[in-house]
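Coordinate analysis (summary)
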Amino acid sequence: MNILDLDHSLTGQAPIAQRLASGRANRIDLLDLGPKLRLWSTEKTWKRFAERLAHRPRPTNARPEILFVGSGDYHHLTPAFLADLKEPVSLIHFDNHPDWVRLAPKRHCGSWVNRALKMPAIQRIVTLGPCSDDLHNPQLRGGNLGALKRGKLQLFPWQHPPSKVWGRVGDGAGHQQQENYLHWRNLAELDWAAFLDQMITSLPTEAIWITIDKDVLASEDAATNWDQGGMRLTHLLQALRALAARKRIIGIDVCGEFATPVFSNAFKRWEAKSDQPPPERWSTEDLQRNAATNEALINLFEELFP
């Protein structure tokens, strides 16, 4: 298990500190690049990050690669983990945001799904759990409805009202179009076990990569830099068990810690203040939920992949 130390958010958590001390986890010091990578990255900084990442320890057996990344401000690092996939893969994406904006910079935490969609190994991306305003008038917000139309991207909100669209998007696994609205197949209204069975059966590959932004979880289970979704930790753990039982997981990356905002320039500070809720909403006790949730995730990973 690799801990990417970009923002100090992980190493102080007891379940991670214990595993670092015992040698069951490896810390990769990226603190010098953290502010430059946060929210988005220039190509120059990205290249430096990719060079450092290339030296990380890899599993030597059939175990999946597991990475903890810090704040959800770093979710755009996921394509770097996928860069050397050797076989067709389905990407299972847990997130309160679709991260599919086409108007943002290329290396942006709100647009990285588009880069992953272009990777030859990625056969399908399934996004599970958004509740955010990104699905309100998604075309005006730069959402990649073309990928939804082609079926290479499937999106299942946790709970969201119909989305206004212009033109024909058509029906998909997670939505139906009725006139100028996409009516979502909201996960909160479905039998979770039955949905998981159906979703997993429909995946086009045996191998999967799982990427988790903990802002998909309700605030009872996580405290992040972003607005929170409605999925509970029990739902997430059940999904991970179901995926592991029927598919070969080759990697898992987890972001969505809370990290005190530190940015490399004023524009990033402005962007964070515009897009993110105020960090003062979380107390010290609130932030302890992240360690508890990480403990549950790591315990499950150690059980599934001994």
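As recorded in an unreviewed UniProt entry, the chain goes by Arginase and comes from Pseudomonas gorinensis.

Let us now look at the environment of Arg-107. Structurally, the position occupied by Arg-107 is in the loop between strand 4 (89-94) and helix 5 (112-117). For Arg-107, a relative accessible area of 13% puts it in the buried group. Once the C-alpha coordinates of Arg-107 and His-76 are considered, the two residues, 31 residues apart in sequence, prove to be 6.2 Å apart. When residues no more than four places from it in sequence are discounted, the contact partners of Arg-107 are Leu-39, Trp-40, Ser-41, Glu-43, Trp-46, His-76 and Arg-115. A polar atom in the side chain of Arg-107 sits 3.1 Å from the side chain of Glu-43.

Relative to the assigned elements, Asn-2 resides in strand 1 (residues 2-5). What makes Asn-2 buried here is its relative accessible area of 3%.

For the structure shown, the criterion picks out 5 aromatic pairs. With a centroid separation of 5.8 Å and 20° between ring planes, the pair formed by Trp-192 and Phe-195 is classed as stacked. Of the two residues, Trp-192 and Phe-195 are both situated in helix 7 (residues 192-202); the distance of 3 residues between them amounts to about one turn of the helix. Of the two residues, Trp-192 and Phe-195, both sit in the buried class. Through a chain of ring-to-ring contacts, three or more aromatic side chains come together here, namely Phe-156, Trp-158, Trp-192 and Phe-195. Of note, Lys-268 hangs over the ring of Trp-40, and the distance from its end group to the ring centre comes to 4.6 Å.

Another point: helix 10 (residues 284-304). With 21 residues, helix 10 should reach 30 Å at 1.5 Å per residue; the first-to-last C-alpha distance of 31 Å fits that figure. All buried positions along helix 10 are accounted for by Asp-286, Asn-290, Ala-291, Thr-293, Asn-294, Leu-297, Ile-298, Leu-300 and Phe-301. Residues of helix 10 that are buried make contact with helix 1 (14-22), strand 3 (65-71), helix 8 (233-246) and strand 11 (248-257).

All right, on to unusual backbone geometry then. Notably, His-8 is not glycine yet its phi reads approximately 70°, a positive angle. Tracing the sequence through the fold places His-8 in the loop between strand 1 and helix 1. His-8 sits in the exposed class, given a relative accessible area of 57%. Despite not being glycine, Asn-137 has its phi angle at roughly 50°, a positive value. Structurally, Asn-137 can be placed in the loop between strand 5 (122-128) and helix 6 (145-150).

With respect to topology, 3 strands assemble into an open sheet ordered 7-9-8, the strand pairing being antiparallel. Each having just a single partner strand, strand 7 (163-164) and strand 8 (175-178) make up the two edges of the open sheet. Pairing of strand 7 with strand 9 (residues 181-184), which is carried by 2 bridges, proceeds in the antiparallel orientation. Paired with Ser-163 across the bridge in strand 9 is Leu-182.

Moving on: the sheet that holds strand 6 (residues 153-156). The strand order across the open sheet built from 8 strands is 2-1-3-11-10-4-5-6, with neighbouring strands paired in parallel fashion. Looking at which strands have only one partner, the edges of the open sheet turn out to be strand 2 (26-29) and strand 6. Put simply, the sheet's adjacent strands are angled 15° from each other on average, direction ignored. Looking at chain direction, strand 10 (residues 207-213) and strand 11 are connected through 7 bridges and run parallel. The partner of Ile-208 across the bridge, within strand 11, is Ile-249.

Turning our attention to helix 9 (residues 266-275). Those residues of helix 9 that fall on the buried side of the exposure criterion are Lys-268, Glu-271 and Ala-272. For helix 9, the angular spread of the buried residues around the axis is 95°, confining them to a single face. In helix 9, the exposed positions angled more than 90 degrees off the buried face are occupied by Trp-270 and Lys-273. Buried residues belonging to helix 9 abut helix 2 (34-37). The backbone nitrogen of Lys-268 lies 2.8 Å from a side-chain oxygen of the residue at the head of helix 9, namely Asn-265.

Parameters at a glance
- Each chain has its residues counted from 1, following the order in which its sequence is written.
- Local features in a predicted model are, by the rule used here, given only for residues with pLDDT of at least 70; side-chain atom pairs are given and counted only at 80 or more, and totals for whole chains, interfaces and linings are based on all residues.
- Calculation of side-chain values draws on the structure's entire complement of heavy atoms; hydrogens and water are dropped beforehand.
- For the purposes of this entry, the term helix denotes a DSSP run of H or I that reaches at least four residues, the term strand denotes a run of E that reaches at least two, and both are numbered from the N terminus.
- The cut-offs for exposure are 20% and 50% of the maximum accessible area for each residue type, with area from a 1.4 Å probe on protein chains only; residues under the lower value are buried, those over the upper are exposed, and the others partly exposed.
- Note on contacts: a residue pair qualifies if any of its non-hydrogen atoms lie within 4.5 Å across the two residues.
- N or O atoms closer than or at 3.5 Å make up a polar contact, with two conditions inside protein: a donor-capable atom paired with an acceptor-capable one, and, for residues adjacent in sequence, both atoms drawn from side chains.
- Each Phe, Tyr or Trp ring (for Trp, its six-membered ring) is paired with any other whose centre lies within 6.5 Å, and the angle between the two planes then decides the class: stacked below 30 degrees, edge-to-face above 60, tilted in between.
- As a reminder, the over-ring test applies to NZ of lysine and CZ of arginine, requiring each to be within 6 Å of the ring centre and within 35 degrees of the ring normal.
- Given a helix with a known number of residues, its expected span is that number minus one, times 1.5 Å.
- Any two strands are treated as partners once DSSP identifies two or more bridges connecting them.
- Geometry is summarised by axes, namely lines fitted to C-alpha atoms with helices restricted to the contacting stretch, and by angles between N-to-C directions that run from 0 to 180 degrees.
- The reported arc concerns the directions from the helix axis to the C-beta atoms and nothing else.

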